[in-house]
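Spelled out, the chains give:
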Amino acid sequence: MAAEATVAVPVQSAGPAPAAQQTSVGADVPAAIVRGTAQGVSKTLMAHVTEVMVADPPDWLRTLWGLLKGLFQ
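What you are looking at is a predicted structure, and each value in this text was computed from that prediction instead of being measured.

Draft legend 1. Main features of the overall build of the protein chain. Secondary structure summary: the protein chain contains two helices and zero strands in total. Within the protein chain, the proportion of its 73 residues that are buried is 0%. Here the protein chain displays about 7300 Å² of accessible surface, and carbon together with sulfur accounts for 66% of that area.

Draft legend 2. Fine view of a nonpolar patch on the surface. Judged by side-chain polarity, Leu45, Val49, Met53, Trp60, Leu64, Trp65, Leu68, Leu71 and Phe72 come together as a nonpolar surface patch covering roughly 1000 Å² of accessible area. Taken together, the elements giving at least two residues each to the nonpolar patch come down to α1 (29-55) and α2 (59-71). At five residues, α2 tops the list of elements feeding residues into the nonpolar patch. Within the fold, leucine 45 resides in helix α1. Judged by relative accessible area, which is 51%, leucine 45 ranks as exposed.

Draft legend 3. Region of interest: the pattern of salt bridges. According to the stated counting rule, one finds two salt bridges in the structure shown. Here aspartate 56 makes a salt bridge to arginine 62, at a shortest N to O gap of 3.2 Å. Looking at arginine 62, the relative accessible area reads 43%, which means it is partly exposed. With a closest N to O distance of 3.7 Å, arginine 62 and aspartate 59 form a salt bridge. Note that arginine 62 and aspartate 59 are positioned in helix α2 at a spacing of three residues, about one turn of the helix.

What counts, and at which threshold
Residues numbered from 1 in each chain as written. Predicted model: local features only at pLDDT ≥ 70, side-chain atom pairs only at ≥ 80, totals over all residues. Heavy atoms only, no water. Helix = DSSP H or I, 4+ residues; strand = E, 2+ residues; numbered from the N terminus. Buried < 20%, exposed > 50% of the residue type's maximum accessible area, 1.4 Å probe, protein only. Areas by Shrake-Rupley, 256 points an atom, 1.4 Å probe, with all protein chains shown as cover. Patch = residues over 30% accessible without salt bridge, like charges linked within 9 Å, V, L, I, M, F, W, Y side chains within 5 Å. Salt bridge = Lys/Arg side-chain N within 4 Å of Asp/Glu carboxyl O.

Right under this line is the structure:
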């Protein structure tokens, strides 16, 4: 039998991992303040709207509720 030639594939190292970028301390603070403010405002607004709707629902909502109740009775 004839000897088969083997070809060695050179292994290349991956090299050093890229350095992780550190964000500066407090870089996300303004965005967090905006997000927190927006969430607070939306929760307050939704609480107010819910309270008003429950206390004195508009006529169209009463009509819709009456129709829905009628479907399931």
